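The primary structure of each chain is shown beneath.
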Amino acid sequence: MGKNLYITTAIPYVNAKPHIGNALDYLLADIWARYQKQNGHEVRFQVGTDEHGNKIAAKAQEAGIDPKTYTDQMYGNFQQLMTKVGAEFTDFVRTTDDHHVAAVQYIWQKLQPYIYKGTYEGWYCVGCEAFVTDKEAATNNGICPDHNQPYQRLSEDNYYLKTSEFTDRIRDAIESGKMKIEPEFRKKEFLELIKDGLQDVSISRPNKHLSWGVPVPGDPNQVMYVWIDALANYITVLGYPDRDGWQEYWPADVQVIGKDILRFHAGIWPAMLMGLDLPLPKKLLVHGFVNVGNVKMSKSIGNVVDPNELIDQYGLDAFRYFFARHIPTLDDGDFTWEKFETAYNTELGNDLGNVVSRVSSMISRYQAGVIGDAPQPEHDMKPYRQAMDSLNFNVALDEVWLTVRSLNQYLERVKPWEVAKRRDTDTDAEAHLSEILSQAVGSLLQIGDLLVPFLPHTAEIIHKTFESGVIVPQDGVLFPKIYLHTPDPRAKNIPKPE
RNA sequence: CGCGGGGUGGAGCAGUCUGGUCAGCUCGUGUGGCUCAUAACCACAAGGUCGUAGGUUCGAAUCCUACCCCCGCAACCA
């Protein structure tokens with residue numbers, strides 16, 4: 001035990017405010033990290049921001065400031081979100097960091113044997129300052145929909161990375177599981193995509209088209225394409241190549257990414273690593289997207305959900321709970337305020353919160369708060385562990401809730417409140433009652449353990465309340481009812497005041 | 001014939017690889033029970049020809065064939 005583990009998250013592009021998708025990255029990585037720490041591993045957990053590229057430069061220009069000033073202002077939004085979702089990251093990288101920039105230039109030089117100069121020709125929109133694919137140009141009938149002007153046929157000198165040369169090795173690594181891709185269907189999808197081989201990737205731009213980026217060493221006219229710069233962060237943040245210690249953490253155990261960037265992480269990134277003679281990450285965790293009411297979240301529709309708002313209204317653990325359990329870890333999920341609130345009130349409040357209060361209140365009432373020896377619960381933890389190890393966090397939480405339910409059922413079966421009433425007439429009742437309640441506490445403590453990766457605050461409260469042998473009362477109840485988006489069932493039954 | 005995923009009671013899903021013990025789970029609904037608890041908890045019930053049509057088989061949600069519908073992707077915007 002006590003292995004050094006490393007988990008990474010995709011570094012978001014800072015040209016907009018953070019959204020739920022970003023939050024999902026940090027949350028999933030954090031759950032994994034906490035789980036591994038709980039099991040005695042040392043975990044390094046990287047986060048960061050991607051700050052180069054034309055879009056950033058454009059945004060900065062709009063704001064009338066230089067790009068660095070702009071990113072200095074923006075990156076904080078992301079750091080704030082990471083902290084707010086409770087992510088206990090250990091490293092934060094900005095692609096504008098001096099060390100990162102220097103390291104990327106080193107990487108470029110080391111990749112020289114696989115880099116060649118070529119010409120990129122394609123349809124270019126002056127307004128976008130970007131090339132579009134032939135297909136996209138065709139779809140739009142040769143006119144950029146954003147700028148309403150025709151694309152121009154343009155060619156420019158680029159450096160290319162010979163990704164094609166690595167196709168077979170990359171395919172082998174994926175097929176053999178040396179670099180696992182979870183879930184399976186993403187792996188299939190990607191293998192299908194590279195069936196005909198990877199294409200060489202253009203990895204630089206003339207600086208007249210792209211000014212804000214890492215300069216190509218030895219060619220003042222070229223700037224690096226952002227993906228080369230961005231992907232490198234996973235190793236530069238560890239100190240690659242010049243600082244000690246990065247070897248202890250690379251290769252990464254898990255790299256958390258969204259489904260939209262799988263091709264970069266399963267194609268370009270392994271090619272870079274092979275070119276550098278470094279091992280590939282062991283596993284890519286590819287999560288899906290969060291829809292809102294089954295509609296893609298987008299600014300134009302105006303259905304963007306701000307994670308901050310959720311956390312402020314329902315609390316951090318409620319947020320973590322919903323996105324860990326009701327958004328499938330490895331697939332798309334759906335969010336609505338009604339679903340969120342229902343899950344909060346019924347599952348967190350009625351199931352978990354309520355069972356905590358019924359147990360603690362019985363112990364306070366019948367035994368003056370004294371718990372006695374809580375036996376080790378005999379609940380089978382294998383399904384939970386299996387789900388955690390295969391990164392199906394939602395399934396793991398299902399398992400936890402099964403034990404919550406069975407605790408409620410247990411109490412209903414043995415009826416401690418009736419046993420308590422018999423104490424005057426039945427001499428065994430006292431001991432029996434104590435046994436029941438300590439059994440219940442044992443079960444709750446176990447639930448608390450299982451919740452550590454998911455609901456750290458709740459887990460802590462459960463432990464604080466029950467672990468000392470005497471009930472330590474907490475302020476208020478866990479997950480008090482909130483009815484902002486769903487009807488309050490109590491409203492119709494409250495008798496009118498006279 | 002581009003590639004991938006999916007269509008299971010009102011909603012969301014599991015089960016399909018390895019045919020039978022599969023029609024299951026959660027939410028919602030109804031009835032009853034209970035009172036330790038956050039108007040909570042527990043039990044029971046209603047509700048599905050498992051997308052459609054064929055086929056294989058003693059037997060198919062599960063295998064085969066065809067078709068219909070939904071969603072994502074289609075490579076240098078991150």
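As the structure is a prediction and not an experimental result, all values here were calculated from the model.

S.K.: Can you break down helix α15 (residues 393–414) residue by residue, with the values?
M.R.: For α15, spanning 22 residues, the distance from its first C-alpha to its last is 32 Å, which sits close to the expected 32 Å at 1.5 Å a residue. Residues of α15 that are buried in the fold lie against α1 (20–38), α12 (316–325), α13 (337–367), α14 (382–389), α16 (416–421) and α17 (429–451). Backbone geometry just downstream of α15 places K415 in the positive-phi region, at approximately 45°.

S.K.: Give me the lowdown on helix α7 (residues 184–193), citing residues and values where you can.
M.R.: For α7, every residue scored as buried is listed here: R186, K187, F190 and L191. What you see down the axis of α7 is that its buried residues fit within an arc of 135°, all on one side. The inward-facing, buried residues of α7 abut α6 (167–176), β9 (180–182), α10 (262–276) and β14 (283–287).

S.K.: Requested: an account of the protein's contact with RNA strand B, with residues and values cited.
M.R.: Near RNA strand B there are 50 residues, and of these F131, T133, R205, G353 and L478 occur at the shortest range. If you look at RNA strand B and keep only atoms within 4 Å of the protein, 72% of those are sugar or phosphate atoms. For RNA strand B, a base oxygen lies 3.2 Å from a polar atom in the backbone of S202. The side chain of R263 places a nitrogen or oxygen atom 3.0 Å from a sugar or linking oxygen of RNA strand B. Those elements giving two or more residues to the surface near RNA strand B turn out to be α7, β10 (201–202), α8 (226–231), α13, α15 and α16. For the surface near RNA strand B, the residue count by class is 16 nonpolar, 15 polar and 19 charged.

S.K.: Give me the lowdown on the packing of α14 against α15, citing residues and values where you can.
M.R.: Between α14 and α15, the least distance of the axes is 7 Å, while the angle of their chain directions is 165°. Compared by their axis directions, α14 and α15 come out roughly antiparallel. Remark: the crossing between α14 and α15 carries left-handed chirality. In this structure, α14 uses P383, Y384, A387 and M388 to contact α15, whose residues at the interface are F393, V395, A396, E399 and V400. Across the contact of α14 with α15, the residue classes break down as eight nonpolar, no polar and one charged.

S.K.: If you had to explain the nonpolar core to someone new, which residues and values would you point to?
M.R.: In terms of nonpolar packing, the biggest core is built from 97 residues, with L310, F323, L352, L451, F454 and F466 touching the most fellow members. Among the elements that line this core, the one with the most residues is α13, at twelve residues. In this view, L310 contacts I20, V305, G315, F319, F323, F335, W337 and F340; residues no more than four positions away in its chain are not counted.

S.K.: How would you explain the sheet that holds strand β1 (residues 4–9) if you had to name every residue and give the values?
M.R.: One open sheet holds the six strands; their spatial order is β3-β2-β1-β13-β14-β9, and the pairing between them is parallel. In this open sheet, the two edge strands, each paired with only one partner strand, are β3 (91–94) and β9. With strand direction ignored, the average angle separating the axes of adjacent strands in the sheet is 20°. When strand β13 (residues 254–258) meets β14, the two strands line up parallel, connected through four bridges. Along β14, the bridge assignment pairs I257 with V286.

S.K.: How would you summarise the packing of aromatic side chains if you had to cite specific residues and measurements?
M.R.: Counted according to the given criterion, the structure contains 24 aromatic pairs. Summarising the aromatic geometry, the rings of Y106 and Y240 are spaced 6.0 Å apart at their centres and angled 70° between planes, so their arrangement reads as edge-to-face. Of this pair, Y106 sits in helix α4 (residues 98–110) while Y240 sits in the loop between α9 (233–236) and β13, and the two are 134 residues apart along the sequence. Using a relative accessible area of 3% as the deciding quantity, one classes Y240 as buried. Residues Y116 and Y160 carry aromatic rings whose centres are separated by 5.5 Å and whose planes lie at 15° to one another, so their mutual orientation is stacked. Linking Y116 in strand β4 (residues 115–125) with Y160 in strand β8 (residues 152–161), this pair joins segments that are 44 residues apart in sequence. Judged by its relative accessible area of 31%, Y116 is partly exposed. Take Y160: its relative accessible area is 10%, and that puts it in the buried class.

Cut-offs used in this document
Residues numbered from 1 in each chain as written. Chains lettered and ligands numbered in written order. Predicted model: local features only at pLDDT ≥ 70, side-chain atom pairs only at ≥ 80, totals over all residues. Heavy atoms only, no water. Helix = DSSP H or I, 4+ residues; strand = E, 2+ residues; numbered from the N terminus. Expected span 1.5 Å × (residues − 1). Contact = heavy atoms within 4.5 Å. Buried < 20%, exposed > 50% of the residue type's maximum accessible area, 1.4 Å probe, protein only. Arc of directions from axis to C-beta. Near = heavy atom within 4 Å. Polar contact = N/O pair within 3.5 Å; in protein donor to acceptor, adjacent residues only side chain to side chain. Nonpolar A, V, L, I, M, F, W, Y, C, P; charged D, E, K, R; others polar. Axes fitted to C-alpha atoms, helices over the stretch in contact; angles between N-to-C directions. Parallel < 35°, antiparallel > 145°, perpendicular 65-115°, else oblique. Left-handed = near helix turned anticlockwise from the far one by under 90°. Core = buried A, V, L, I, M, F, W, Y, C linked by side-chain atoms within 4.5 Å. Pairing = 2+ DSSP bridges. Phe/Tyr/Trp six-rings, centres within 6.5 Å; stacked < 30°, edge-to-face > 60°.

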